[in-house]
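Chain and residue survey
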Amino acid sequence: MRKLLITLACLVTSAVAVTAQDITVLDPIGPVATVQKSDNTVTFNCRDNSQVQLTILAPDLIRVRAAFGKQIPARDHSWAVAKEDWTTPRWTVTETAEAVTVATDELEVVVRRSPLLIEFRDAHTHQSINADERPMAYDAKGKLASMLFDPKAGNFIAVSKKLGFDEHFYGLGEKAARLDKRRGFFVNWNSDTPGYTEGKDPIYQTVPFYLGLQSGAAYGIFFDNSYRSYFDFGRSSQQRAWFGAEGGELNYYFFYGPSIKKILARYADLTGHMPLPPKWALGNQQSRWSYYPDSMVEQVAREYRERDLPLDVIYLDIDYMRGYRVFTFDQQRFPNPKALTEKLARQGIKLVTIVDPGVKHDPPGPSGEGRYSVFEQGLERNYFQHRGNGALFVPRVWPGESLFVDYTLPEARRWWGDLHRVYTDNGIAGIWNDMNEPSDFVDQTGKNQLDVISFDNGERTTHAKNRNTFALLMAQATYEGLERLRPDARPYVITRAGYAGIQRYATMWTGDTNSTWEALALNIPMFTTLGLSGEPFVGSDVGGFIGRGNGELLVRSYQVSFLAPFCRNHKVIDGYDQEPWRFGKYYEDIIRKYLKLRYELLPFLYTTLEEAHRTGTPFFRPLLLNYQDDQSTYNIDDQFMVGSDLLVAPIMKPDVTRRLVYLPRGDWYDYWTNKKYSGGKMITVEAPLDTVPLFVRAGAMIPTAPARNYVGERPDDPLTFNIYPDDKGLANGVLYEDDGVSPAYKRGVFRRTSVSARREGSGFAVSVDGAEGQYNPGGRRLNFVVRGLRSTPIVRVKT
Ligand code: MIG
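Note that residues are indexed from 1 along each chain, following the sequence as it is written. Two thresholds apply to this predicted model, a pLDDT of at least 70 for residue-level local features and 80 or more for giving and counting side-chain atom pairs, whereas whole-chain, interface and lining totals are computed over all residues. Hydrogen atoms and water are omitted, and side-chain values are computed over all heavy atoms in the structure.

Quick word on the overall build of the chain
Spelled out, the test is: By definition, any uninterrupted DSSP run of H or I lasting at least four residues is a helix, any uninterrupted run of E lasting at least two residues is a strand, and each is numbered from the N terminus. With C-alpha atoms as the basis for the radius of gyration, the globule rule is written as 2.2 Å multiplied by the number of residues raised to the power 0.38. Each residue is assigned to one of three classes by its accessible area relative to the maximum for its type, calculated with a 1.4 Å probe on protein chains only: buried under 20%, partly exposed between the two thresholds, exposed over 50%. The contact criterion used throughout is that any non-hydrogen atoms of two residues lie within 4.5 Å. Here, Shrake-Rupley sampling with a 1.4 Å probe gives the accessible areas, and only protein chains in the shown set may cover a residue. When charges are counted, Lys and Arg are positive and Asp and Glu negative, with His and the chain ends excluded. To locate a charge, the coordinates of NZ of Lys, CZ of Arg, CG of Asp or CD of Glu are taken.
The number of helices and strands found in the chain is 15 helices and 49 strands. Computed over the C-alpha atoms, the radius of gyration of the chain is 27 Å, within 12% of the 28 Å expected from 2.2 N^0.38 for a compact globule of 799 residues. Each of the three principal axes of the chain carries a C-alpha extent, and together these read 80 × 75 × 60 Å. Across the 799 residues of the chain, 63% fall into the buried class. Taking the contacts inside the chain whose residues are at least 6 apart along the sequence as the reference set, 69% of them involve residues at least 24 apart. Entry remark: accessible area of the chain is about 29000 Å², with carbon and sulfur atoms responsible for 49%. With 95 positive and 95 negative side-chain charges, the chain shows a separation of 2 Å between the mean positions of the two kinds.

A closer look at the environment of Gln332
Following the sequence through the fold, Gln332 ends up in the loop between strand S21 (313-316) and helix H5 (337-346). Distance in space between the C-alpha atoms of Gln332 and Asp294 is 9.3 Å, their sequence separation being 38 residues.

Some points on the site of the ligand
Rule in force here: Throughout, the term near means that a residue has one or more heavy atoms lying within 4 Å of the molecule or strand in question. Residues adjacent in sequence count toward polar contacts only when both atoms are side-chain atoms; beyond that, a polar contact is any pair of N or O atoms within 3.5 Å, and within protein one must be able to donate a hydrogen and the other to accept it. The classification used treats Ala, Val, Leu, Ile, Met, Phe, Trp, Tyr, Cys and Pro as nonpolar, Asp, Glu, Lys and Arg as charged, and all other residues, Gly among them, as polar.
Among the 13 residues in the neighbourhood of the ligand, the closest are listed as Asp317, Asp434, Arg496, Asp512 and His570. Within the contact set of the ligand, an oxygen atom lies 2.5 Å away from a side-chain nitrogen or oxygen of Asp317. Looking at the shell around the ligand residue by residue, the classes come out as eight nonpolar, one polar and four charged.

A look at the nonpolar core
The tendency in soluble globular proteins is for nonpolar side chains to be buried as a group. Rules: To qualify as a nonpolar core, a set must consist of buried Ala, Val, Leu, Ile, Met, Phe, Trp, Tyr and Cys residues joined through side-chain atoms within 4.5 Å.
The biggest cluster of nonpolar side chains holds 159 residues, and the ones touching the most others in it are Phe222, Trp416 and Leu563. Here this core gets eight residues from one element, more than from any other, and that element is helix H10 (residues 470-485). Ignoring anything within four residues of it in the chain, the contact list for Trp416 reads Val326, Phe327, Val355, Asp356, Pro357, Val359, Val405, Tyr407, Met474, Ala477 and Thr478. Counting 47 residues, the second largest nonpolar core, distinct from the first, contains Ile29, Phe44, Val64 and Tyr138.

Describing unusual backbone geometry
If a residue is not glycine, its phi is most likely negative; likewise, a peptide bond is most likely trans. A cis amide bond links Trp289 to the next residue, Ser290, at an omega of -10 degrees. With omega at 0 degrees, the peptide bond leading from Tyr292 into Pro293 counts as cis. Summarising the element assignment, Pro293 is placed in the loop between strand S20 (285-286) and helix H4 (294-306). Backbone geometry places Asn457, a non-glycine residue, at a positive phi of 55 degrees. Relative to the helices and strands, Asn457 is located in the loop between strand S28 (452-454) and strand S29 (461-462). Even without being a glycine, Asp655 presents a positive backbone phi close to 60 degrees.

Observations regarding the pattern of salt bridges
Heads up, the rule is: By definition here, a salt bridge exists when the distance from a side-chain nitrogen of Lys or Arg to a carboxyl oxygen of Asp or Glu is within 4 Å.
Throughout the structure, instances matching the rule amount to 55 salt bridges. Linking Asp362 and Arg325 is a salt bridge whose minimum nitrogen-to-oxygen distance equals 2.7 Å. Of this pair, Asp362 sits in the loop between strand S23 (359-360) and helix H6 (373-380) while Arg325 sits in the loop between S21 and H5, placing them 37 residues apart in sequence. Residue Asp362 is classed as buried on the basis of its relative accessible area, which comes to 9%. Since its relative accessible area comes to 12%, Arg325 is described here as buried. Salt bridges linked by common partners bring Glu303, Arg307, Lys585, Glu588, Asp589 and Arg592 together as one network.

Things to note about the pairing of strand S10 (residues 128-138)
We apply this condition: At least two bridges found by DSSP between two strands is the condition for calling them paired.
Of all eleven residues that make up S10, eight are buried, and the element is covered over most of its length. Pairing between strand S1 (residues 27-28) and S10: two bridges, direction antiparallel. Directly across from Asp27, in S10, lies its bridge partner Tyr138. Two strands pair when backbone bridges link them, and strand S9 (residues 117-122) and S10 are joined in this way by three bridges, in the antiparallel orientation. The residue of S10 that forms the bridge with Arg121 is Ser128.

Quick look at the environment of Phe149
With respect to the helices and strands, the residue Phe149 is situated in the loop between S10 and strand S11 (157-162). Accessibility expressed as a relative area gives 10% for Phe149, which makes it buried. Every residue in contact with Phe149, bar those within four places of it in the chain, is listed here: Trp189, Arg228, Glu246, Thr445, Gly446, Lys447 and Leu450.

With respect to the sheet that holds strand S35 (residues 620-621)
As summarised here, the arrangement of the six strands in space is S35-S36-S37-S42-S39-S40, forming an open sheet in which the pairing is antiparallel. If you trace the sheet from one side to the other, it starts and ends with S35 and strand S40 (676-678), each paired once. With two bridges joining them, S35 and strand S36 (residues 640-642) adopt antiparallel strand pairing. What sits directly across from Arg621, in S36, is Met641.

Quick notes on the sheet that holds strand S24 (residues 386-387)
Read from one edge to the other, the open sheet built from three strands follows the order S24-S28-S29, with strand pairing classed as antiparallel. The open sheet has two edge strands with one neighbour each: S24 and S29.

So, the packing of aromatic side chains
This is how the line gets drawn: Planes of paired rings set the category: under 30 degrees apart is stacked, over 60 is edge-to-face and the rest tilted, where pairs are Phe, Tyr or Trp rings (Trp by its six-membered ring) whose centres lie within 6.5 Å. Throughout this description, the term charge over a ring refers to an Arg CZ or Lys NZ atom that lies within 6 Å of the ring centre and within 35 degrees of the ring normal.
Under the criterion given, the structure shown has 60 aromatic pairs. For the pair Phe329 and Tyr423, a centre-to-centre distance of 5.9 Å together with 70 degrees between the ring planes defines the contact as edge-to-face. One end of the pair, Phe329, is in the loop between S21 and H5; the other, Tyr423, is in helix H8 (residues 421-424), with 94 residues separating them in the sequence. One exposure class covers both Phe329 and Tyr423, and it is buried. Members of the aromatic cluster, each reached through a chain of ring pairs, are Tyr320, Phe327, Phe329, Tyr383, Phe384, Phe393, Phe404, Tyr407, Trp415, Trp416, Tyr423 and Phe470. The ring of Tyr576 has Arg548 lying over it, and the distance from NZ or CZ to the ring centre is 4.0 Å.

Some remarks on the environment of Gln774
Summarising the element assignment, Gln774 is placed in the loop between strand S47 (763-772) and strand S48 (782-786). Take Gln774: its relative accessible area is 59%, and that puts it in the exposed class. Among all residues touching Gln774, those that are not within four sequence positions of it are Arg747, Gly748, Val749 and Phe750.

A closer look at the side chain of Ser561
Topologically, Ser561 is positioned in helix H12 (residues 551-561). A relative accessible area of 0% means that Ser561 is categorised as buried. Residue contacts for Ser561: discarding those within four places in its chain leaves Asn523, Ser540, Val542, Cys567 and Arg598.

Structure, rendered in structure tokens:
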């Protein structure tokens, strides 16, 4: 009976997931027969003709490839990887009868010959970091075929790792889940999931990269496989964490820390650093589905200015188009988009338009009227996707019957990018890519697309491989198009779906959330998780997208998002209006206070964003990233940090006006009162609706500037360095500046200024240390203010 129940349970769940038990039926890779060594690679030839390759890319980065029952193919291509040329570090290989050990200065990889098991150890302590629980395996006989989403995709492959007794897991991109993924099970298959709630999986994006953390030491694994993939962090077995995919190559990168920041830096090197967006992307943004006609857009701008609310960007959602035809403007609603963007520009407001992947299937009428050149060109040049039988693939999206571009074709990407001229010519500042999972109203699961073929470098692969990378390539086409069209401006692209590497081309937001407290509570774990997955520029519709919000929820939502990289209020078409003033003056006044504070903090926020660009350390951080040795931080996902210095503990429940806040070691200043607390403990703080608990790390120096209506309205003058001395009377800060709009920063046209302060007698001496870079910020006054100590003079400023 029990067995029957289990079988039944399996039958019920089998269609959705392969479990830990299932992977034990897979065929293990054979034992090692011979070993070959080349310049940076060790190849293991197995007795079953399988092959395994370890490639040494850096002392802390090893690539593992395996082919089952065959040689590793010569073809080696990834849409995610940005850096292929690595300078091989020094390494050695040692063979014994039992094992082959590959060692770098930081890692030891021990490959046991029979059975073939891989273990990663710390080169100094020889302690195990991560080890195979069973040999890598594949589904030679199709045993799992009935459980797969697309049995035709190929062979199921899986890697099984020993689950640490106290191992924590982070990352995996966009998941509607808590910060620590231990005991979780996740599927990657980009999906349009409006109104998702915690536990909904998969949602829009796929980033098959995770971090394991145990005893304070972290490693990372990037399973670069775009097929539908599975990650089990001990959900269905106490023994193992495993990952696998429904096809494709067994191909993963192993990163060793032990610091998470170091892993994220390597991951950014491998998959690409986020370029700096224009500085105005850090400004406040306003959207709804949909503002039209043009006069309503002007009214929104006017309201913002009249109400003294800062604003940088307004979005045009799908109704700006002529019948949802991308690359067109509706002539009634937006007769003169150029005049509109010019009018807005005079108020410092930029316009961003949505561009969906669906191109309306729109043959001209009998007398050739209403021609839609995007459709005609795409068809003529054969850029649209086809099914295996040669028929055009015709999904249904907003325009009705539509076509999708095969973005794996380089010439199609170029064409798509160039089409954006209609936007840049009209002064549109950035592009918003939606529906790019790709969403299809005919069938949201993707089943209806399984036989769709993509060119894929001549390999002609199916949807199983190309779904998860569709948005990445569309974003690439968009980004590169904007670069060509406006070489002097940094592209601004925001996307809903993506794959690892998406940070090279687009910022992101977390899609169609609900206007609920539960959805608000997901903001912090989702933003921090995305940051730990190589995507630093993240945010969520402020106030929530679907459903009716209220003033309290909107205020609390701003108290999270005013310090997120992306701060945009957005609302569904039939939702109650949600601009900051919609619930009355009381709430509007509080929202104004937070928006102004965001603009005051912009010098600090921009400095933090540049750090994310350069180092891969995210802007919006979980506490554990800054305090990796403090286990009390490992599960905190109702607080966050901005950079190293600001700690925020928002209220994410209704009718609540006080909460517990964990302060890590060191001293902390309450931002509002300058009251000093010592950390390493939990404190209780009051948080009436107009107050978000906000703390500054003692030892920090936070650069601020006067609030503005929009970024760049006036120069940052004066620039104030707010000094928060630590218990030794010291503080340090950095200020990053550049022109905010052009790509010149990539050529060294920036200025990084380091500032330090130390107590001297009854006052403080400040020194502005030699600035780095060639950018000239012009003359401006520098102010230094010591916080938390009444009437403390600055005795000396050395520049
Ligand atoms: O099927 O363009 O996530 O932000 O307002 C809905 C209309 C399509 C989903 C996006 C949302 C946007 C909406 N879009």
